[in-house]
Amino acid sequence: MDKVRGAMRGAADAAAEKGRAVGDSVKESVEARERENARKAARRALLDGAGNQMPVEQFIQNWEIQNGAAAQSGESYMAFSGCYVIATYAHAVKKGDFSKFRDLYVGKSESVGASIHNDLTGKGNVDVYADAKYKQHMYILIYPCAPDKLDELEASLITALDADQSYNKA
């Protein structure tokens, strides 16, 4: 009888342990999903909160118009300091949701417009240039800031958007 009780206790303990392991696994899965959802929400808020958002075609058109006039005034398009994100998408962005990018590049400059133009025309990031050359769905998101805050903002954007896993690879 003691052997039977011992075997039953052992089986019950084993079943309880497996139940705890399954419960822990489910709990970890739920927590991971919650973390990912929070991360996506933060990323969306960051991208949607850009000071200016536009398709690459609009930027190029504005650049050409402004810089034709700027030749006389001495000032070029978007000649202010800040960081920018050039993001590539599988499809055109719908409902202003910029969070579903395929690849992206985070840059900084004391003259944002000139740096973006350089990236798009082959004088900057080669991956951005390739996407522009092959007419991918691309958008520019701009975050103006003081020149002394450029490094800090750029690092924050790269980290928050995982840009070091994309076109900002070291």
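As the structure is a prediction and not an experimental result, all values here were calculated from the model.

## Focus: the sheet that holds strand β1 (residues 52–55)
- Strand order in the open sheet made by the four strands is β1-β4-β2-β3, with antiparallel pairing throughout. Strands at the two margins of the open sheet, each flanked by one partner only, are β1 and β3 (103–109). Pairs of neighbouring strands in the sheet enclose a mean axial angle of 20°, with direction left out of account.
- Examined bridge by bridge, strand β2 (residues 82–89) and β3 share seven bridges and lie antiparallel to one another. Looking at β3, one finds that Cys-83 is bridged to Lys-108.
- The sheet contacts of helix α4 (residues 126–133) involve β2, β3 and β4 (137–144), and relative to β4 the element is tilted by about 135°.

## Observations regarding the pattern of salt bridges
- Summed over all chains, the structure comprises nine salt bridges.
- A salt bridge links Asp-103 to Arg-102, with the shortest nitrogen-to-oxygen separation between them at 3.9 Å.
- Two residues, Asp-151 and Lys-108, come together in a salt bridge whose shortest N-O distance is 2.2 Å. A residue pair is termed long-range when its members are at least 10 positions apart, and Asp-151 in helix α5 (residues 150–160) and Lys-108 in strand β3 qualify at 43 residues.
- A relative accessible area of 33% means that Lys-108 is categorised as partly exposed.

## What to know about the environment of Ala-50
- Examined against the element boundaries, Ala-50 turns out to sit in the loop between α1 (2–48) and β1.
- Each C-alpha atom, one on Ala-50 and one on Val-85, is 9.1 Å from the other, the two residues being 35 residues apart in sequence.
- Leave out the neighbours within four places in its chain, and Ala-50 touches Leu-141, Ile-142 and Tyr-143.

## A closer look at α4
- The complete set of buried residues in α4 reads Val-128, Asp-131 and Ala-132. Projection of α4 onto a plane perpendicular to its axis shows the buried side chains occupying an angular sector of 100°, all on one side.
- On its buried side, α4 packs onto β2, β3, α3 (112–120) and β4.
- Measuring from the backbone nitrogen of Asp-127 back to the side-chain oxygen at the start of α4 gives 2.9 Å, which picks out Asn-125 as the cap.
- Lys-135 sits one or two residues past α4 and shows a positive phi near 55°.

## Re the pairing of β4
- Within β4, six of the eight residues are buried, which leaves it mostly tucked inside the rest of the structure.
- When β1 meets β4, the two strands line up antiparallel, connected through four bridges. The residue bridging Met-54 from the neighbouring strand is Ile-140, located in β4.
- Of the pairings in the sheet, the one linking β2 to β4 comprises eight bridges and is antiparallel in character. Within the sheet, the bridge partner assigned to Cys-83 lies in β4 and is Tyr-143.

## Examining unusual backbone geometry
- Within the chain, Met-78 stands out as a residue other than glycine whose phi angle is a positive 55°.
- By secondary structure assignment, the location of Met-78 is in the loop between α2 (56–73) and β2.
- Here Lys-135, not a glycine, exhibits a phi torsion of approximately 55°, which is positive.
- Note that Lys-135 resides in the loop between α4 and β4.
- A relative accessible area of 71% places Lys-135 in the exposed class.

## Quick notes on the packing of aromatic side chains
- Evaluated as defined, the whole model comprises six aromatic pairs.
- Judged by centre distance (5.4 Å) and plane angle (50°), the ring pair of Phe-59 and Tyr-77 falls under tilted. Note that Phe-59 is positioned in helix α2 and Tyr-77 in the loop between α2 and β2, a separation of 18 residues in sequence. Note on accessibility: Phe-59 and Tyr-77 belong to one class, buried.
- Residues Tyr-89 and Phe-98 carry aromatic rings whose centres are separated by 6.4 Å and whose planes lie at 70° to one another, so their mutual orientation is edge-to-face.

Basis of the calculations
Residues numbered from 1 in each chain as written. Predicted model: local features only at pLDDT ≥ 70, side-chain atom pairs only at ≥ 80, totals over all residues. Heavy atoms only, no water. Pairing = 2+ DSSP bridges. Helix = DSSP H or I, 4+ residues; strand = E, 2+ residues; numbered from the N terminus. Axes fitted to C-alpha atoms, helices over the stretch in contact; angles between N-to-C directions. Contact = heavy atoms within 4.5 Å. Salt bridge = Lys/Arg side-chain N within 4 Å of Asp/Glu carboxyl O. Buried < 20%, exposed > 50% of the residue type's maximum accessible area, 1.4 Å probe, protein only. Arc of directions from axis to C-beta. Polar contact = N/O pair within 3.5 Å; in protein donor to acceptor, adjacent residues only side chain to side chain. Phe/Tyr/Trp six-rings, centres within 6.5 Å; stacked < 30°, edge-to-face > 60°.

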